[in-house]
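Structural characterization, general
Below are the chains, spelled out letter by letter.
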Amino acid sequence: MPAYRHFRNRIRIGPVEVATFRDGRGRERHVTACTAPSCGYSVTYLDRAAAELAARTHRCSA
């Protein structure tokens, strides 16, 4: 059964979006995802600062 993800605290830094969600065990996680076509960059982090730093330093190869 797929998990329903409710993203909150979404911000956009260039082509990358940073959002907060709760995983299947109720823990808070932070995700960064590039919205550029054919980039495919997406990573989950434990803290918000790491996710925002990754969004700021991401260089899209697409």
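Going by the structure above, here's the rest.
My aim in this report is to walk through the structure given alongside it, one point at a time. Remember, it's a predicted structure, so these values are computed and weren't measured experimentally.

Adjacent strands of a sheet form backbone hydrogen bonds with each other and so pair up, either parallel or antiparallel. Read from one edge of the open sheet, 4 strands run β1-β2-β3-β4, paired in antiparallel fashion. In this open sheet, the two edge strands, each paired with only one partner strand, are β1 (8–13) and β4 (42–45). The average undirected angle you get between the axes of adjacent strands in this sheet is 20 degrees. Relative to β4, strand β3 (residues 28–34) runs antiparallel, the two sharing 4 bridges. Bridged to histidine 30 within β4 is tyrosine 45. Against the sheet, helix α1 (residues 48–57) touches β1, β2 (16–22), β3 and β4, its axis set at about 160 degrees to β2.

Let's shift gears to unusual backbone geometry. A positive phi angle, near 50 degrees, is found at asparagine 9, a position not held by glycine. Backbone geometry at serine 38 places phi at a positive 60 degrees, although glycine is not the residue there. Taking relative accessible area as the criterion, serine 38 reaches 72% and is therefore assigned exposed.

Let us now look at the side chain of arginine 29. Here arginine 29 lies in strand β3. Looking at arginine 29, the relative accessible area reads 16%, which means it is buried. At 3.4 Å, the side chain of arginine 29 forms a polar contact with the side chain of aspartate 23. Arginine 29 has contacts with Ala19, Thr20, Phe21, Asp23, Thr44, Tyr45 and Leu46, leaving out every residue within four places of it along the chain.

Moving on: α1. Along α1, the residues classified as buried are Arg48, Ala51, Ala54 and Ala55. Summarising the axial view, the buried residues of α1 lie within an arc of 130 degrees, below the 170-degree limit, and thus occupy one face. Exposed side of α1, more than 90 degrees from the buried face: Ala49 and Leu53 are the residues found there. Elements in contact with the buried residues of α1: β1, β2, β3 and β4.

Conventions and cut-offs
Here the residue numbering is sequential within each chain, running from 1 through the sequence in written order. For this predicted model, a pLDDT threshold of at least 70 governs which residues receive local features, and a threshold of 80 or more governs which side-chain atom pairs are given and counted, while totals over whole chains, interfaces and linings are taken from all residues. Excluding hydrogens and water, the side-chain figures rest on all heavy atoms present in the structure. The pairing criterion for strands is at least two bridges between them, as found by DSSP. Under the DSSP-based scheme used, a helix requires at least four consecutive residues in state H or I and a strand at least two consecutive residues in state E, with every element numbered from the N terminus. Angles shown run from 0 to 180 degrees and are taken between the N-to-C directions of axes, each axis being a line fitted to C-alpha atoms and, for helices, limited to the stretch in contact. We call two residues in contact whenever any of their non-hydrogen atoms come within 4.5 Å of each other. Burial classes: relative accessible area under 20% of the type maximum marks a residue as buried, over 50% as exposed, and values in between as partly exposed (1.4 Å probe, protein chains only). Here a polar contact is taken to be a pair of N or O atoms separated by no more than 3.5 Å, where protein atoms must pair a possible hydrogen donor with a possible acceptor and residues adjacent in sequence count only if both atoms sit in side chains. What the arc describes is the spread of directions from the helix axis to the C-beta atoms.

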